[in-house]
Amino acid sequence: MKSLIALAVAGLISTPAFATKARLMGLGQDKDDGTFFIDDERSIFRNVAYINNYQNHLILEWGSTGQNFGTVTADTTASPKAEGGFLSHAYGFTYGVYLGAESDTAGLLRTAAQSNTGNDLPDEDNILDIFFGGGEALKWGVNLRRSATENDTTGATKSESSALAARLGAIYGDMEGYLQFGLGNESELPNATPITKFKGKAGVHTGFSYQLGAWRPFISYKTLAWEQTNATTITDGDFSRLDIGLGRTQEIGSGNLYTSIAYRKINVELKYTTDPAKFDSMIIPINVGYETKATDWLTLRSGIRSNLTSKIDQTNLANAQVGLAGTLLTANFGDSSTADGKRSYVDSTSVNAGATLVFGDLEVDGMIGAGTAGTLELDNMFYRTSMVYKF
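All values derive from a computational prediction rather than experimental measurement. (Residues numbered from 1 in each chain as written. Predicted model: local features only at pLDDT ≥ 70, side-chain atom pairs only at ≥ 80, totals over all residues. Heavy atoms only, no water.)

(A) Structural detail: the overall build of the protein chain. Within the protein chain, the secondary structure is distributed over three helices and 19 strands. Counting over 391 residues, the protein chain shows a buried share of 49%. In the structure as shown, the protein chain presents an accessible area of about 16,500 Å², 57% of it carried by carbon and sulfur atoms. (Helix = DSSP H or I, 4+ residues; strand = E, 2+ residues; numbered from the N terminus. Buried < 20%, exposed > 50% of the residue type's maximum accessible area, 1.4 Å probe, protein only. Areas by Shrake-Rupley, 256 points an atom, 1.4 Å probe, with all protein chains shown as cover.)

(B) How the structure looks around unusual backbone geometry. One non-glycine residue, N56, lies in positive phi territory at about 60°. Take N56: it is sitting in the loop between α1 (21-26) and β1 (57-65). Positive phi is not limited to glycine here, since N126 has a value of about 55°. Within the secondary structure, N126 is located in the loop between α2 (104-112) and β6 (128-134).

(C) The arrangement of the packing of aromatic side chains in detail. According to the stated counting rule, one finds nine aromatic pairs in the structure shown. On the basis of an interplanar angle of 85° and a centroid distance of 6.5 Å, the ring pair of F86 and Y95 is categorised as edge-to-face. Owing to a relative accessible area of 32%, F86 belongs among the partly exposed residues under this scheme. (Phe/Tyr/Trp six-rings, centres within 6.5 Å; stacked < 30°, edge-to-face > 60°.)

(D) Inspection of the environment of E186 at higher detail. Within the fold, E186 resides in strand β9 (residues 175-189). Assessed through its relative accessible area of 29%, E186 is described here as partly exposed. Setting aside its immediate chain neighbours within four residues, E186 contacts R110, E160, S161, S162, K197, F198 and K199. (Contact = heavy atoms within 4.5 Å.)

(E) Spotlight on the confidence of the model for the protein chain. Residues of the protein chain with pLDDT of at least 70 account for 84%, and the chain-wide mean is 83. Across residues 1-18, where pLDDT falls below 50, the model places 94 contacts with residues more than four positions away in sequence or in other chains. (pLDDT = per-residue confidence, 0-100.)

Structural data, given as structure tokens:
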């Protein structure tokens, strides 16, 4: 089975107004769905209405296939995944196409639905996102997301995977809200012994935020449920994540200071016929990041992230595919223990740095390398690279 522990991610005045994974990571922020309080390009995957803020943009995240964990591949700092797309504008509407925006959480949920026999379910792949939106006073957007894969080749276990989801979003003045929901999600090995299958039953992600001067309070809730089939036994699994917090953007000198504090709760339960496996975590993370335009062609940034307090409660993880669990946890949360019981996260403080090189309408983001002893490695600059071209 399952790698349970791994489950469970403002317009700038003097700096680039877009954002990429490299930029967000340099500020110490989550890279996948954008932040809850900074207006950035990654926000289109949280609130699709943000496409109206980034018209006529080509966005490329450099990378390869990611870091492999069985048949699941995760987007990690050491092994980023390649993805990219464009947003354009015509006749008062914004539209675009994006390729390869895979969700680490979606892949890990499929891993959680596996048996201990080594029958690894296929990951989501061949992902296509189509965007459409418009509006001025009331900005709105819709997104349809699909993925599909199949492998029925000689010498390989037959596998099939498909998923379909939709996003809705709106921005009105200082308020914004969004809703995402799954329309279907399946992954299976129909000819394996035993038969292994993941079938999504429900998936919703919704949230709201409001700008109060420099402050932005926010709330976000995500829940997913599925059936996991191993041979003739069908059991359930569910995942939930709650984020409640407050972010602030403050102009200081020639740049912006970003600060935030939040309450984050993640719960996962795999409801076996006996001894359900559970993973519960609570953290209160704080983030402080600063970004400034050093020259006309160079922007520098850095950020620190740490947990004020935290708690992990793990039960019956011996039922999980613990060979992958610790590795996946390290890749996603920085905590490799698979032991049952209660504890706090350790070594939660991290500091990142990054830069943007500006070449007219072309801007290249990257992480600035730092050695294990805290030394600056100039031969490891831009070790994670993203690019935006404004056309």
